[in-house]
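The lines below spell out each chain.
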Amino acid sequence: MINNLNEFKKYAYEFIDWIVDYYKNIEDFPVKSQVKPKEVFNNLPDTPPENGEAIEKIFKDFQDIILPGITHWQSPNFYAYFPANSSFPSLLAEMLISALGVQGMKWETSPSATELEEKVMNWLKGMLGLPESFSGVIQDTASTSTLASIICAREKFSEYNINKEGFKNFKNFRVYCSSEAHSSIEKAVKIAGIGKENLVKIKVDNEYKMNVDSLDEAIRTDIANSSKPLCVIAALGTTGSTAVDPLDKIAKICKEYNIWLHVDAAFSGSALLLPEYRWMLEGIEQVDSFVFNPHKWLFTHFDCSAYFVKDKESLVRTFEILPEYLKTLSDDKVNNYCDWGIPLGRKFRALKLWFVIRSFGVKGLQEKLRYQISIAKELEYIIKADKDFEILAPVTFNLICFRYKPSVVKSEDELNRLNEKLLHTVNNTGEIYFSHTKLNGKYTLRLVIAQTNVTKVHAFKAWKLIKEIAKTVK
Ligand SMILES: Cc1ncc(COP(=O)(O)O)c(C=O)c1O
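Here the structure is a predicted model, which means the values were calculated and not measured. (Residues numbered from 1 in each chain as written. Predicted model: local features only at pLDDT ≥ 70, side-chain atom pairs only at ≥ 80, totals over all residues. Heavy atoms only, no water.)

1. Examining the side chain of Q74
Along the polypeptide, Q74 turns up in the loop between α3 (55-66) and α4 (88-100). Under the relative-accessibility criterion, Q74 is labelled buried at 15%. Polar side-chain contacts of Q74 include one of 2.9 Å to the backbone oxygen of A84. Only 2.9 Å separates the side chain of Q74 from the side chain of S86, close enough to count as a polar contact. Apart from the residues lying within four places of it in its own chain, the contact partners of Q74 are Y23, I26, A84, N85, S86 and Q451. (Helix = DSSP H or I, 4+ residues; strand = E, 2+ residues; numbered from the N terminus. Buried < 20%, exposed > 50% of the residue type's maximum accessible area, 1.4 Å probe, protein only. Polar contact = N/O pair within 3.5 Å; in protein donor to acceptor, adjacent residues only side chain to side chain. Contact = heavy atoms within 4.5 Å.)

Okay, structure coming up:
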């Protein structure tokens, strides 16, 4: 137990020292936790303590039992999935957020939380080059944001009747995304009651971008069969290979058929801070909603998803609910963000974004993004030149998709097996952690150069390790 502020202060300083040492020595830990399933669980007691325990004891167990089961996402040797990257300004803000312990569901429950959120979302809108008319709100994740869009489209096109009387008159909605789009869309379609059989996965071209002719054809067929095309989700940066769907062409189709257009830019949206990537936004005026995750590639702690809508009234009309106990005197004068999404309770996430944007500055953020992209391009060049490896998708940002392909191995099955083995053997060294996908049936190794503190030296060391281990896998 901690009984007073002096004791709190003593431990807080100790924890800060620990955090500093942790970051200093982070590369000494195996990046991917090496524990076996149930190892952590079995090391923990089956029942809670009857009496309070000393922080020293809890902290020792944290170090002895919990830490070995941690995968070190903040290690510069982390190249897997998309990162949940962070930064020290964000960490400091997280400390303040925890200290304040604010639950900012309504303006009145902490006016600063709401008004700072409105301000930083306006900043982000300008930083990314999104239309002035968009309104922004922070959601926990891209999954929740996409779900909000699908529900909002459902309500808009049912004239808010499904919220009222259920699906009785609306059974024919269809949602479209590419076959490379993220699984959160399928989840959202299920949760929104559309049904996953009504999610149409459009085929992709040889660069894994949505084939718009196929989209057009699928929509025409559905209309001919009396279905209502509800929503198209365009990916600006797919998970597998960061392919960018042609937004301009998709936007034209959505305009023609009056379909909600949602953009999932979860990871790659951060690149819009760079003018040289603004080509992705052609067609944005037609977009109804847009999401990207500062918690993936803008150095802000998980969770923090930036969600923008063109018509905030339809969002609020979809989600707003006002029981007696939530009524406040300011309701008609302010944004109450609990009405802009699914959960009622809201963390004070804007504070960490504010710290990050102010501490880096727009230029600082741009420099960091460009640096990471430049490392990826250099590595791409080197991997391309290696006769035993093959690049499997265009490197548009900072994700390199590749595989080991020694000339002696001809069969695709054998290549898949070899690459899977290579991935696990490398990850089991604990030196780096990277992940995979399948592109066109090919087992694909993914190296994402986006961890906050990754340098060229780290990335080249990772490549050297992969190359060395590749020679040994059989
Ligand atoms: C393109 C894309 N969309 C959505 C998601 C889901 O993100 P979140 O964890 O914020 O729900 C991801 C996760 O990697 C993603 O890559």
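Picking up after the structure, the text goes on.
2. Things to note about the nonpolar core
One recurring pattern in soluble globular proteins: nonpolar side chains tend to sit buried together. One finds L124, V232 and F290 to be the most contacted residues of the largest nonpolar core, which totals 71 residues. Residues V137, I151, C177 and L199 belong to the second largest nonpolar core, which totals 33 residues. (Core = buried A, V, L, I, M, F, W, Y, C linked by side-chain atoms within 4.5 Å.)

3. Some points on α3
Given 3.6 residues to a turn, an α-helix orients residues that are three or four positions apart in the same direction. Those residues of α3 that fall on the buried side of the exposure criterion are I55, F59 and I65. The arc that holds the buried residues of α3, viewed along the axis, is 155°, so those residues lie on one side. Buried residues along α3 sit against α1 (5-24) and α2 (39-42). (Arc of directions from axis to C-beta.)

4. A short note on the site of the ligand
In the vicinity of the ligand, 13 residues are found, and the nearest of them are A142, S143, T239, D264 and N293. Contacts to the ligand include D264, whose side-chain N or O atom sits 2.6 Å from a nitrogen atom. A distance of 3.4 Å is found between an oxygen atom of the ligand and a side-chain nitrogen or oxygen belonging to H295. Coverage of the ligand by the protein amounts to 87% of the 400 Å² it exposes when considered alone. (Near = heavy atom within 4 Å. Areas by Shrake-Rupley, 256 points an atom, 1.4 Å probe, with all protein chains shown as cover.)

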